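Secondary and tertiary structure notes
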Amino acid sequence: MVQTERGNAAFQVKLSYLNSNATQTYMKEAVDNVRRMDELWHCLALVVVSDNPTFLAAFAHLSLRRHALRWSTKILVLTRLSNSELGGLHSLLSNRNAMLLQVQESERASSIDGRVGVYVWSPYSAPGSKPWRVATWTPHSSLTLASNMPLFPDKFHVFSSAPTLTVAIEVLPHNTISWVEDSKAPSGQRLVFKGHMDNIVKYLAKATNFTFWYVLSPERGFGTKLPDGSWTGMLGMVMREEADFSPAPFILSPVRKEAADHTIPYYYGNVRILSGLSGLKVDPWGFLLPLTPLAWAATLMALMLVFVILQLLPYCLPISTLGRGGWSVNNAFSCVRIILQQDIVLLAELWWWERLVLGLWMLTTLVVTKSYAGKLMSLLAVRYVPQPYQTLRDVLDDPQVAMLWQKNSYNEQYLRDVKTGIFREVAELEGVGRLKFHTQAQTKYMTVLDTLVRAGDHVIVDFEISLRSLMALDFSQKGQCEFYMSKDRYLSVSGAVMAPKNNPLVHSFNKRLMTAIEQGLISYWLENVPNFTVCDNIPKKKLVTSYIFISNIWGVFALLVGGLATGLVVWCAELLVSPKCLISSPSPLSISSH
């Protein structure tokens, strides 16, 4: 390599035998150097000069295989070879920002100083197709444009030949597939795909002028990286160039960006937990709900305060004012009897201050008890809908529930690679059978939703848009919300279209996707699902019209029985302790007579 101060570089590969190991090594080194320069320089022009068809074919093959040339790199191939000898260059010239400078056959005998034609091949054209002639160059008249087409035209902006592209797809909720007979299809059958992803593909096809075939991946998944470096699913097909692109949407990650190129993100979402509703349940301790914990505490504090006032006030006021020397023992717990709405004995010797305190306490308890009674009657008609799994920690702490994650997806790849944190704890559940993976095919997901998740011993952890679609589909079939999503969200991600490495389709799709996003088309297609938001805010409590059964109020009786049992224990303790106290303690009469 020779590099000058102006930023030019020259690479020369000596050819003794092109198939020799030494020549192959030199060729790979030259291509890798071009790739490094392409990564460093955004405005790079590459000129390839050779009259050897084998060399040009080898250079084109290695450049595409090793992803050495981006669309921003302008490529010029100067040669004296005829079109029939340039078959190995077709993929490079048609699918990259490249032009062919070809010395005319009539001028071949003279030298390179003859007339030179400038040609451009249409993207995805057949190897034997004719190129476009965009200009002619001669030493005397310089460069002359042959048409209105500029040099290095943006061939991927709108395809002139309407090529047929292969699109890898997967069935998501509210997307359907079917097979129809088609003689033009490679296998005699054509895959028909309907849904919001089909709308995006059709939008891109109409804007860019191409037709397409849909294909399914062998693994029926988005794709994960295997230990040997290969990829499964749709991403594997895109990486191996078995598919020209996939709308997915593919969740972006560093390992996926190394495998293929992506467009601008058109989807943003989070991971949530989908659980089944176990039905209405009665809270037997619902009679405590009319008052908040703070109200209960304030009531008890007020009761203690009244009791203390009644005990201490006789010692704080003059005896002449009080009328007696102290508070009667028989009425010590009258304040408790008032709040429990029991009768009290008002003795004739009660003085005004005693009646005043008890009167104020009666007024306070009247307001509290009437409010409590009204709220309690309302709550007896309200059923509690349990939603126990709001976080991953809730699921981890329940040994009876298992998690279902999507197979061959970004989520599976993340769980395989994570080393610490709560997701590492989730990954370790696979060893005990509480972590399972399923493909997102509609039949598979709907089957586990109807059986495992509905039973309550499994939950689905996936992206919010898929879970919303599953809930909407189930609501459309059943007519009621039988599932709920967790409040907590995890793994904020973005999704995009994937294409092979350095494929110019990304450059073209970005413009269309940006327009669709700004116009709101993408959001409309993704969310234009019947009943998409009807189950978003499922109430935890529901009002029902039914009789009051013992199952509704057994907590009240449990509290009553507990109180009676406690009183019985205290009464028995008094019977056991009282005779001993009478024997050990001398009576006042004996003391006074003595």
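Residues numbered from 1 in each chain as written. Predicted model: local features only at pLDDT ≥ 70, side-chain atom pairs only at ≥ 80, totals over all residues. Heavy atoms only, no water.

Regarding the overall build of the chain
Secondary structure assignment for the chain yields 19 helices and 22 strands. A burial count over the chain gives 43% of its 594 residues as buried. In the chain, of all internal contacts separated by at least 6 residues, the share reaching a separation of at least 24 is 69%. Looking at the chain as shown, the accessible area adds up to about 32200 Å², and 60% of this sits on carbon and sulfur atoms. (Helix = DSSP H or I, 4+ residues; strand = E, 2+ residues; numbered from the N terminus. Buried < 20%, exposed > 50% of the residue type's maximum accessible area, 1.4 Å probe, protein only. Contact = heavy atoms within 4.5 Å. Areas by Shrake-Rupley, 256 points an atom, 1.4 Å probe, with all protein chains shown as cover.)

Details of the pattern of salt bridges
According to the stated counting rule, one finds 20 salt bridges in the structure shown. Of the charged contacts, one joins Arg416 and Glu430 as a salt bridge, the two residues approaching to 2.6 Å between their closest N and O atoms. Here Arg416, found in helix 12 (residues 410–417), pairs with Glu430, found in the loop between helix 13 (422–428) and strand 18 (435–438); they are 14 residues apart in sequence, far enough to count as distant. Taken together, the salt bridges that share partners define one network made up of Arg272, Glu464, Arg468, Arg489 and Asp536. (Salt bridge = Lys/Arg side-chain N within 4 Å of Asp/Glu carboxyl O.)

Details of the sheet that holds strand 8 (residues 142–145)
Across the sheet, six strands lie side by side as 3-4-5-6-7-8; this open sheet has mixed pairing. Pairing within the sheet leaves two strands with one partner each, and these edge strands are strand 3 (45–49) and strand 8. Averaged over all pairs of adjacent strands, the angle between strand axes in this sheet comes to 20 degrees, irrespective of strand direction. Here five bridges tie strand 3 to strand 4 (residues 74–79), and the two strands are oriented parallel to one another. When the bridges of strand 4 are listed, Ala45 appears paired with Lys74. The strands touched by helix 2 (residues 53–65) are strand 3 and strand 4; relative to strand 3, the strand with the most contacts, the crossing angle is about 150 degrees. (Pairing = 2+ DSSP bridges. Axes fitted to C-alpha atoms, helices over the stretch in contact; angles between N-to-C directions.)

Comments concerning the state of the cysteines
The full count for this structure, using the stated rule, is one disulfide. What pairs with Cys481 in a disulfide is Cys535, and their sulfur atoms sit 2.0 Å apart. Handedness here is read from the sign of the S-S torsion; for Cys481 and Cys535, about -90 degrees, the answer is left-handed. With Cys481 in the loop between helix 15 (464–478) and strand 20 (483–485) and Cys535 in the loop between helix 17 (521–527) and strand 22 (541–543), the pair connects residues that are 54 residues apart, well separated along the chain. Taking relative accessible area as the criterion, Cys535 reaches 6% and is therefore assigned buried. (Disulfide = S-S within 2.5 Å.)

With respect to helix 4 (residues 196–208)
Taking 1.5 Å of rise per residue, 13 residues should cover 18 Å, and helix 4 covers 19 Å from first to last C-alpha, within 8% of that figure. When helix 4 is considered as a whole, its buried residues turn out to be His196, Met197, Asp198, Ile200, Val201, Leu204, Ala205 and Thr208. (Expected span 1.5 Å × (residues − 1).)

Observations regarding unusual backbone geometry
The omega torsion across Ala248 and Pro249 is 10 degrees, close enough to zero to call that bond cis. Note that Pro249 resides in strand 13 (residues 246–251). One non-glycine residue, Glu241, lies in the positive phi region at around 60 degrees. Considering the arrangement of structural elements, one finds Glu241 in the loop between helix 5 (233–239) and strand 13.

Points about the packing of aromatic side chains
As enumerated under the stated definition, the model contains 19 aromatic pairs in all. Look at Tyr414 and Phe423: their rings are 5.5 Å apart centre to centre, the planes differ by 85 degrees, and that puts the pair in the edge-to-face class. For Phe423, a relative accessible area of 9% translates into the label buried. One aromatic cluster is present, built from ring pairs that chain together Trp71, Tyr124, Phe156, Phe159, Phe193, Phe210, Phe212, Tyr214, Phe245 and Phe509. (Phe/Tyr/Trp six-rings, centres within 6.5 Å; stacked < 30°, edge-to-face > 60°.)

Looking at the side chain of Asn503
Structurally, the position occupied by Asn503 is in the loop between strand 21 (490–499) and helix 16 (505–518). Only 2.8 Å separates the side chain of Asn503 from the backbone nitrogen of Leu505, close enough to count as a polar contact. In contact with Asn503, not counting residues within four places along its chain, are Tyr124, Asp244 and Asp261. (Polar contact = N/O pair within 3.5 Å; in protein donor to acceptor, adjacent residues only side chain to side chain.)

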